[in-house]
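Below, each chain spelled out in residue letters.
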Amino acid sequence: MGEEKKLGGVWPTIKPFVNGGASGMLATCVIQPVDMVKVRIQLGQGSAVSVTKNMIREEGFGALYKGLSAGLLRQATYTTARLGTFRILTNKAIAANDGKPLPLYQKALCGLTAGAIGASVGSPADLALIRMQADATLPLAQRRNYTNAFQALYRISADEGVLALWKGAGPTVVRAMALNMGMLASYDQSVEFCKDSLGFGELSTVVGASAVSGFFAAACSLPFDYVKTQIQKMQPDANGKLPYTGSLDCAMKTLKSGGPFKFYTGFPVYCIRIAPHVMMTWIFLNQIQKVEKSIGL
């Protein structure tokens, strides 16, 4: 009896975090190949079709799932933290607002905060994921040949120091703040609009709100994602000099050399990757919550 009471007290607190991580990991299992192609496009290997054909021909079908362990680890840290934090923050804000729906700007602030916290927790796994996905594009002498996410984290710590796990964390956090502001705030706002103004049922509401959420997540975050990827994959030249001194330097050099649209390199694939992942995360989360409700959790 005491154990049940103890569990009942702990479960409501950890439930948003558990549900968030589980839904993100399930979505990643489905979307990993598209994410892999997106990274290769940003690294300048061609169009989505040519990148996919070359990868399968030269590296085998399994190359599309390279970095899956790092992707799952990233969701287990990043998405667990951001979705759990967002729900905790919005619940507290609603309680402070006498149970009334939150205005959009408050949802956006909750999304920004949740994104920053989630990215700070998930940055090491994100670095491992980017390096594993980009490894095959490097010359043979420069390849790191990580076998899985945990080996990547261990080798980065051993070779470059523990703080290297947060290399590129600045742009990662900024990108996550932009993505989660677009994703989380627009989802909650769209759910309210679909239910209250359009009279949609549960399935239509979840799918419609998820689609809107995915679009705004992609539109807000791609420029930051591009800079983050460039920072995390950079290698020193023959003189030991890195191409960029930081995210701002990368952004300015990119703007100067390619103009503002350079930041949207690979936007169709990025949108196709981000939007379905966001949609599936929300759909999986909705289904997990329904199962929990049916068994009394």
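The structure this text deals with has already been given above.
Residues numbered from 1 in each chain as written. Predicted model: local features only at pLDDT ≥ 70, side-chain atom pairs only at ≥ 80, totals over all residues. Heavy atoms only, no water.

Caption draft 1: Expanded view of the overall build of the chain. The helix and strand inventory of the chain stands at nine helices and zero strands. Going residue by residue from the N terminus, the α and β elements of the chain occur as α-α-α-α-α-α-α-α-α. Over its C-alpha trace the chain gives a radius of gyration of 20 Å, about what one expects of a compact globule, namely 19 Å for 297 residues. Along the longest, intermediate and shortest principal axes, the C-alpha atoms of the chain span 60 × 45 × 35 Å. (Helix = DSSP H or I, 4+ residues; strand = E, 2+ residues; numbered from the N terminus. Rg over C-alpha atoms; globule rule 2.2 N^0.38 Å.)

Caption draft 2: Up close: the pattern of salt bridges. Scanning the entire structure with this criterion turns up nine salt bridges. Glu59 is paired through a salt bridge with Arg40; the nearest N and O atoms lie 3.1 Å apart. Separated by 19 residues along the polypeptide, Glu59 in helix H2 (residues 48-59) and Arg40 in helix H1 (residues 2-42) bring together distant segments of the chain. When its relative accessible area of 35% is taken as the criterion, Glu59 is described as partly exposed. Relative accessible area serves as the criterion here: at 1%, Arg40 is assigned to the buried category. Linking Arg87 and Asp188 is a salt bridge whose minimum nitrogen-to-oxygen distance equals 3.3 Å. With Arg87 in helix H3 (residues 68-96) and Asp188 in helix H6 (residues 169-197), the pair connects residues that are 101 residues apart, well separated along the chain. Overall, Asp188 belongs to the buried group, its relative accessible area being 13%. (Salt bridge = Lys/Arg side-chain N within 4 Å of Asp/Glu carboxyl O. Buried < 20%, exposed > 50% of the residue type's maximum accessible area, 1.4 Å probe, protein only.)

Caption draft 3: Geometry of the environment of Gly9. Structurally, the position occupied by Gly9 is in helix H1. According to the relative accessible area criterion, Gly9 is partly exposed, its value standing at 49%. Each C-alpha atom of the pair Gly9 and Ala27 lies 29 Å from the other, and the pair is 18 residues apart in sequence.

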